Amino acid sequence: MKSFEFLSKKREKKPRNCGITMVLDKGLGLETAGSLMDISGEYVDYLKFGWGTSIVHEQDIIKAKVEMYKSHDITPYTGGTLFELAYMNGKLDEFFKEAHYLGFPAIEISDGSTNISHEDKLECIRKAKDDGFEVLSEVGKKDPVLDKELTLDERIKQMQDELDAGSSLIIVEAREGGKNIGIFDSAGKAKEDEIDYILDKIDGNKILWEAPNKDQQVFFILKLGNTVNLGNVSSDDITSLETLRRGLRGDTLGKL
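Computed from a predicted model, the values in this text were never measured in an experiment. (Residues numbered from 1 in each chain as written. Predicted model: local features only at pLDDT ≥ 70, side-chain atom pairs only at ≥ 80, totals over all residues. Heavy atoms only, no water.)

Caption draft 1: Structural view of helix 7 (residues 152-165). With 14 residues, helix 7 extends 20 Å from end C-alpha to end C-alpha; this agrees with the ideal 20 Å at 1.5 Å per step. Looking only at helix 7, the buried set comprises Leu 152, Arg 155, Ile 156, Gln 158, Met 159, Asp 161, Glu 162, Leu 163 and Ala 165. Against helix 5 (118-130), strand 5 (134-139), helix 6 (144-148), strand 6 (169-172), helix 8 (192-201) and strand 7 (207-210) lie the buried residues of helix 7. Following helix 7 by one or two positions, Gly 166 has its phi on the positive side, about 130°. (Helix = DSSP H or I, 4+ residues; strand = E, 2+ residues; numbered from the N terminus. Expected span 1.5 Å × (residues − 1). Buried < 20%, exposed > 50% of the residue type's maximum accessible area, 1.4 Å probe, protein only. Contact = heavy atoms within 4.5 Å.)

See the structure below:
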């Protein structure tokens, strides 16, 4: 039983279809990650092994972390940059094979750092699904100049196409910093009119909003409720975000 549980709003238990939290693992040690999940694992739904971090650590450590996360009913997955690297080098089959070997049940497919045609990206989503993976796909570019070339309607079309191709969730690019990318301006403030426009076209339960900063998390929770899907959350902020979702912090107290 949790302390003072009678004062807290209830949250849907896992597996959740909404109110999803995706956390970014930037290279946590096994023991550190395990201790963190022991106290906060019930608040995490997806765990992304960021970028190409899996390459620079030993296979045994990656496998052990993957199994540890899965033991907490968390879906660990490879970051989109790792997929892009495999695609760039013509190594998709090898990439899928090793991801299976390491125990990853899901992968991210993106084109944020490379030039992949939209049709090729859709085919990669279908191929990964056929190979047995859950797919999360990301829409948007990591370069702010290139990202601004995407119109809102083009972004929405890509999102729907990728859902139709088999992605379970569409990640809206915001990078780790959450500024000057996608639906965030140069100060990190959300562009509310663009968010409303997207939500008018796409099912919000299928969108994972990258919101690495506290103010962004507060914005989404107050606007869309504590069942909004949020991603790129720092491993240091798991408990902090959960208290925001439950109205246990001044920013959301009495407002949900």
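After that view, the rundown keeps rolling.
Caption draft 2: Seen up close, the pattern of salt bridges. According to the stated counting rule, one finds 19 salt bridges in the structure shown. Lys 142 is the partner of Glu 173 in a salt bridge, and the nearest nitrogen-oxygen pair spans 3.0 Å. Residue Glu 173 is found in the loop between strand 6 and helix 8, and its partner Lys 142 is found in the loop between strand 5 and helix 6; the two are separated by 31 residues along the sequence. With respect to class, Glu 173 is no different from Lys 142; both count as buried. The salt bridge involving Lys 223 is made with Glu 192; its shortest N-O contact spans 3.0 Å. Of this pair, Lys 223 sits in helix 9 (residues 214-224) while Glu 192 sits in helix 8, placing them 31 residues apart in sequence. Judged by relative accessible area, which is 40%, Glu 192 ranks as partly exposed. Through salt bridges with shared partners, a single ionic network connects Arg 11, Glu 242 and Arg 246. (Salt bridge = Lys/Arg side-chain N within 4 Å of Asp/Glu carboxyl O.)

Caption draft 3: Fine view of the packing of aromatic side chains. The final tally for this structure, using the stated rule, is ten aromatic pairs. Centroid distance Phe 49 to Phe 104: 5.0 Å. Interplanar angle 90°. Geometry classified as edge-to-face. With Phe 49 in strand 2 (residues 46-49) and Phe 104 in the loop between helix 4 (92-102) and strand 4 (106-109), this residue pair connects regions lying 55 residues apart in the sequence. Summarising the burial analysis for this pair, Phe 49 and Phe 104 share the class buried. Over the aromatic face of Tyr 101 sits the side chain of Lys 63, whose NZ or CZ is 4.1 Å from the ring centroid. (Phe/Tyr/Trp six-rings, centres within 6.5 Å; stacked < 30°, edge-to-face > 60°. Lys NZ or Arg CZ within 6 Å of the ring centre and 35° of its normal.)

Caption draft 4: Here's a closer look at the side chain of Ser 137. Note on placement: Ser 137 falls in strand 5. On the basis of relative accessible area, Ser 137 is assigned to the buried category, the value being 0%. Polar contacts involving the side chain of Ser 137 include one to the side chain of Ser 167, which spans 2.8 Å. Sequence-distant contacts of Ser 137, that is, excluding residues within four places in its chain, are made with Ile 109, Ile 125, Glu 162, Ser 167, Leu 169, Ile 170 and Ile 171. (Polar contact = N/O pair within 3.5 Å; in protein donor to acceptor, adjacent residues only side chain to side chain.)

Caption draft 5: Representation of the packing of helix 1 (residues 30-40) against helix 2 (residues 59-71) within the structure. Across the interface, helix 1 lies against helix 2 with an axial gap of 10 Å and an inter-helix angle of 5°. Between helix 1 and helix 2, the angle is such that the two are roughly parallel. Taking contact as the criterion, the partners of Leu 30, Ala 33, Gly 34 and Met 37 in helix 1 are, on helix 2, Ala 64, Lys 65, Met 68 and Tyr 69. (Axes fitted to C-alpha atoms, helices over the stretch in contact; angles between N-to-C directions. Parallel < 35°, antiparallel > 145°, perpendicular 65-115°, else oblique.)

Caption draft 6: Representation of the sheet that holds strand 6 in the model. With parallel pairing, eight strands are arranged side by side around a closed barrel as 1-2-3-4-5-6-7-8. If you compare each strand with its neighbour and ignore which way they point, the axes differ by 30° on average. Relative to strand 4, strand 3 (residues 75-78) runs parallel, the two sharing two bridges. Bridging from a neighbouring strand, Tyr 77 pairs with Ala 106 of strand 4. The strands touched by helix 10 (residues 238-245) within the sheet are strand 1 (21-25) and strand 8 (230-234), with strand 8 carrying the most contacts at an inclination of about 135°. (Pairing = 2+ DSSP bridges.)

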